[in-house]
Every structure is written in C-alpha cells, then in structure tokens.
Amino acid sequence: MKPYEWMVKCTPQTEWIERRGILFWLAFFFIELGAGAFFIASFFNIVWGMVIGWLICGLLGGGLHLLYLGRPLRFLRMFLRPQSSWISRGIIFVTVFLALGLIHIVLTFLDTRIFSLFVATNIFAFLVIIYGGFAMCCINGIPLWNTGLLPVLYVVAGIWGGAELTMGVILTSGALTKIGHSVEEITRVLLVFFAFLVVVYFIAVRYSSVTGDFSVREIVGRRWKPLFWIGVVLVGIMIPLGVVVSSYTLALERIPIALLWLSIFGGLLGDLVLRYLILKNGFYSPLIPSQAT
Amino acid sequence: MARWGMVIDLNRCIGCYACMLACKQEHFLPPAVFWGRVLIGETGKYPAVQKQTYPVLCNHCEEAACVEVCPTGATTKREDGVIIIDYDKCVGCRYCMMACPYQQRTFYANDRKQYFPDQGLTELEVLGKQLHPLQKGTVIKCNFCLERIDEGLRRGLSPGMDREATPACVNACPAKARYFGDLNDPTSEVSKLIAEKKGFQLHPEFGTNPSVYYVVR
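Not measured: the values here are computed from a predicted model.

Trainee: Could you give an account of the overall build of chain B, naming the residues involved and the relevant values?
Mentor: Counting its regular elements, chain B contains seven helices and nine strands. Here the C-alpha atoms of chain B give a radius of gyration of 18 Å, agreeing with the 17 Å that 2.2 N^0.38 yields for 217 residues. Counting only C-alpha atoms, chain B reaches 50 × 45 × 35 Å along its principal axes. Out of the 217 residues belonging to chain B, those deemed buried represent 57%. A separation of at least 24 residues holds for 58% of the contacts in chain B among residues at least 6 apart in sequence. Of the accessible surface of chain B, which amounts to about 10300 Å², a share of 52% is contributed by carbon and sulfur atoms. Computing the positive centroid from 26 side-chain charges and the negative centroid from 24, chain B places the two 6 Å apart.

Trainee: Account for the overall build of chain A, with residues named and values stated.
Mentor: Across its full length, chain A carries nine helices and two strands. For chain A, the α and β elements follow one another from N to C terminus as β-α-α-α-α-α-α-α-α-α-β. The C-alpha radius of gyration computed for chain A amounts to 20 Å, which stays within 12% of the reference 19 Å derived for 293 residues, consistent with globular compactness. Dimensions of chain A, computed from C-alpha atoms along their principal axes, come out at roughly 65 × 50 × 30 Å. Burial status across chain A gives 58% buried among its 293 residues.

Trainee: Can you lay out the interface of chain A and chain B for me, pointing to particular residues and giving the numbers?
Mentor: In this complex, chain A contributes 37 residues to the contact, which on the side of chain B involves 41 residues. The closest approach of N and O atoms between Glu-15 of chain A and Arg-94 of chain B, which form a salt bridge, is 3.2 Å. For the interface between chain A and chain B, the tally reads 21 residue pairs in polar contact (both at pLDDT 80 or more). Of all the secondary structure elements, the ones that give two or more residues to the side of chain A that touches chain B are α3 (86-109) and α4 (115-137) of chain A. For the side of chain A that touches chain B, the element with the highest residue contribution is α3 of chain A, accounting for three residues. A per-class count over the side of chain A that touches chain B returns 22 nonpolar, 10 polar and five charged.

Trainee: Any chance you could break down the pattern of salt bridges for me, citing the residues and the numbers?
Mentor: Using the criterion set out here, one finds 18 salt bridges over all chains in the structure. One continuous salt-bridge network, built from bridges that share partners, spans Glu-15, Glu-18, Arg-19 and Lys-280 of chain A together with Arg-94 of chain B.

Trainee: For unusual backbone geometry, give the residues involved together with the corresponding values.
Mentor: The residue after Tyr-46 of chain B, namely Pro-47 of chain B, is reached through a cis peptide bond having omega 10°. Note that Pro-47 of chain B resides in the loop between β2 (36-43) and β3 (50-57). Here the phi dihedral of Asn-45 of chain A falls at roughly 55°; this positive angle occurs in a residue that is not glycine. Within the element layout of this structure, Asn-45 of chain A appears in the loop between α1 (21-43) and α2 (47-68). Residue Phe-28 of chain B is not a glycine yet carries a positive backbone phi of 50°. Structurally, Phe-28 of chain B can be placed in the loop between α1 (18-26) and β2.

Trainee: Tell me what's going on with the sheet that holds strand β1 (residues 4-9) of chain B, and back it up with residues and numbers.
Mentor: Residues and elements named next belong to chain B. A sheet is described by the order of its strands in space; here three strands give the open sequence β8-β1-β9, paired in mixed fashion. The open sheet has two edge strands, β8 (178-182) and β9 (212-215), and neither has a second partner. On average, each strand axis in the sheet is tilted by 25° relative to the strand beside it, whichever way the strands run. Bridge analysis of β1 against β8 gives five bridges, and the strand direction is antiparallel. The partner of Val-7 across the bridge, within β8, is Tyr-179.

Trainee: Account for the nonpolar core, with residues named and values stated.
Mentor: Counting 151 residues, the largest nonpolar core has Trp-16, Leu-144, Trp-145 and Ile-278 of chain A together with Phe-144 of chain B as the members making the most contacts within it. The residues touching Phe-144 of chain B, leaving out its near neighbours within four places in the chain, are Trp-4, Gly-5, Met-6, Leu-57, Cys-58, His-60, Val-82, Ile-149, Pro-167, Phe-180 and Val-212 of chain B.

Trainee: Any chance you could break down the side chain of Thr-138 of chain B for me, citing the residues and the numbers?
Mentor: Mapped onto the elements of the fold, Thr-138 of chain B is located in strand β7 (residues 138-140). A polar atom in the side chain of Thr-138 of chain B sits 2.5 Å from the backbone oxygen of Gln-135 of chain B. Each residue touching Thr-138 of chain B, except ones within four places of it in the same chain, is listed here: Arg-71 and Arg-74 of chain A together with Tyr-87, Cys-90, Thr-106, Phe-107 and Tyr-108 of chain B.

The rules behind each value
Residues numbered from 1 in each chain as written. Chains lettered and ligands numbered in written order. Predicted model: local features only at pLDDT ≥ 70, side-chain atom pairs only at ≥ 80, totals over all residues. Heavy atoms only, no water. Helix = DSSP H or I, 4+ residues; strand = E, 2+ residues; numbered from the N terminus. Rg over C-alpha atoms; globule rule 2.2 N^0.38 Å. Buried < 20%, exposed > 50% of the residue type's maximum accessible area, 1.4 Å probe, protein only. Contact = heavy atoms within 4.5 Å. Areas by Shrake-Rupley, 256 points an atom, 1.4 Å probe, with all protein chains shown as cover. Lys, Arg positive; Asp, Glu negative; His and termini not counted. Charge placed at Lys NZ, Arg CZ, Asp CG, Glu CD. Salt bridge = Lys/Arg side-chain N within 4 Å of Asp/Glu carboxyl O. Polar contact = N/O pair within 3.5 Å; in protein donor to acceptor, adjacent residues only side chain to side chain. Nonpolar A, V, L, I, M, F, W, Y, C, P; charged D, E, K, R; others polar. Pairing = 2+ DSSP bridges. Axes fitted to C-alpha atoms, helices over the stretch in contact; angles between N-to-C directions. Core = buried A, V, L, I, M, F, W, Y, C linked by side-chain atoms within 4.5 Å.

Right under this line is the structure:
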C-alpha cells in the first residue's frame, strides 16, 4: 500500500501481523492450541498431553503475548478492565487456567483427581480457547473479523488442534490404544466441522459488505491465493481428510504412523496459515465514503 | 457540560497540509508520526473524475470503541468528550488501534528517529520532549489540543472563538475550512453549521457518534 492510498482504499491492519505483530499471531495460535490440547488430554487423563498443552499455552502463548506488548512490565494493569475489554478477560482466563491446570496436573501425577477442579480447569481452558475469536470479532471496523462465525471457527480450530497434538503425544508414547482411537475419532469429526466452517465463514463475510468481499477475494482469489489453496485447503484439510478416508478403508492400525504424523502436522499448519491469512487480510473500510471499492 | 467538536468544510479545504504540519509542530511529533492527516482520493473515471480531499483526525467519538476495548483504562473519555491516553498506564497492546474504525492511532515504536540524523536533537526538539513526553511502546493520538483548551478556559477564553484556546489545526487552516466549538451548545458556530449545512460524520454505521463533522455545501 502506497502512503497516499492509506484509508482512501481498503486499508489492512498491520499492528497485529507485521513486524512484532507476528508475535501476536503466534501467541493466539499457541494459547488456543495449548488450551485445546489440555482440554482433550484431561478428558482422557493423558497426563503428558496436559503437561505439553499447559507448557505451550503458558510459555509459548503467554510468553509471546507478553513479548508483543510495547510495555510488558506493566502487564498487571491488563487485569483491570474485564467488564469491557476482551484482552483483559483473556489474560484473566489464561492466568486462572494456568494456575488451576498446574494444580490439576500435579494431582494427576499423584493419582488424585478432584472432580470439581477438573471441571473448573476445563471451563477455563474452554474460555481461553474462545477468547481470541471474541477479541477479534468485536472489532466492527474490520468486516472479515466482525462476524459471529469467527469465534466458532477459532473454537473448533483450537480444540481440533488440541486433539491433533494429543494424538501426537499418544503416537509418541507407543502403540495406538483404545484412547488413541477415541481421540482420532474426535479429530475426524472436528476436521469435517472445521472444513465446513471455513467455507461458511468465507461465504458469510463475502456477502456482508464490500470490504468483507474484498478481504475474502484477496485470500481466496488474489494475492494470497497460493497460500490459501496450498496451505489451508491442501495441507490443512485435504491431506488430513485423505488420511481419515484411508483409515476408514484400511482400519487405523494399518495406516503407516508417518501418515498419521503427516495428518497431524498438516492440520496444525493449516490452522496456523488460516489464522495468518485472517489477520493479514483484516481490511478497514475506506474513510472517504464513495471509495468503498 | 460542553462537548468539544469540529466541523470541516470540504468545499473550503484546499489540501495544503497546513493542519498536518501545525499539529506536528504543536505537539513536537517525532518523524513519520501524524495525528492529523489529509486524505486525497479520486472518484469516477476519466473524463468525469472528481477529486476529494478529506482532512482526518481522531474523531473523539461519544461511544468510543478505543475506550471500550482498552484493557488497562489508559484510554478514557473526559467529561467534555475529549478522548485522552494516559501514557503511564498504556501497555502497548494496540487493541485500541484495531478497534478504531478510523485508524487514527499510532504506535510510538521508535524514539530514536531524528529529524537530523546523527546531529542530535535541536533545541526545539529538546523543548518538545519536555513539554510532550511521549513514551516509547505506547499508543498516541490527537488530543484536540486539550492543553490549549484547558489553559484557555482557565483564562476565561472560549475554545473555537479565541485562538489561544483553539486547536492548532483550526488556527493554521488558511482557507478557514475548520471550525471548533461546543456541540452541546445550539448557538455555537459548529452546531449551526451542522444544522444548516447538514453535517455528516464518517462511518456513522459503526455507532460511534464522532465529534468531527464534515459539511460539503
């Protein structure tokens, strides 16, 4: 974008994706991925899945979030406005989740499970997963984000990513157990739901406004076309879908482990790329009223 | 209570950028930072092309999205409607920048940029850093020259009528395209202009109710 085109034509947001903004993109991804992994792993009592999810959420997600701030040493102030700010709510959700999650992990290691703690931790894990989508969808200046479908898409992507990561932990620990089959079933359902939501989301945004249409066209048919079709559709959806289809025809045990890993990495990469494209193509409507094309 | 607002007559604006520079000078803004801008666009196709000039600045919205989303309470709205940022409270999360549909906020990332590289700060720049101590890593924006408004009111002056109490961009406009005053006072010049010339706001569909109006006739 040339300087004289700023806000005269559709203008992209840059602060949450360019330069240090890259940290913000990764922070949102890792926070939701980690909370999603914890969410799934705790239901199946896979303690290492919980540990990895907790670490990804806390260290990678939380750490990158803090690094992104212009004044990170003042982060405690971000707890002050949960009544109106989603960022404030998010940091509270993450903090409470990390605290409860740590206690839950320690108790699980000690073979002690407290049901109320399990429920509370997973409620906060879920709140952490939904926070990113809501933080973005309340920004009404960017039509690509300002839709109720975005939080739904991010929730499904977060839990799906978490299930993929948990599957990875199961594969690392050895043979596919009954739990492995159950987790794989969850990833299959979520994958189909994710693919469906991606289509519905882009169609809904495209017909919401001129700027929304511009954003979707940039992603699907113009500048970001190769990244979308290869990164999201092929790697993120078609490859995992291919593995799902072959697992139904061959049975899961007969699928080469490498193919399962490919499916896991493909799914995670697709999610990451989709989030990048959604952040990168967050366009504001032009300020000059008659220039909305 | 007054609600300060501005009216910009687009027929009078000649796109000279005097308002941008006056603002920069008033607040000693660092290189590449503008609190006010002049957007120039074209509509239509040759030969029926129309040039449009839109001076823009923080709209000091009544229902300001930036105030709502700020997680620290650094961005607040004063009783007179002016939206201000407390740099000591800002953490630099830039959520307010995202939320502003008018994109009128700037992240002050680099405090080492100089107007005269490797020659140090001029006396004027040193003075500016004392008068307006911006903080690196925080978000900054137009404040309607509230230091002029407050000082003017203290001295019994009327913002919009007396130059000393009026924003610098309004004073600097050579075409008298900018007007400043109390939107809550129906007898003020800005209220009359809005009523007579059917003043409009940018993107009213966002429900922010900006305090900056534009008139074209």
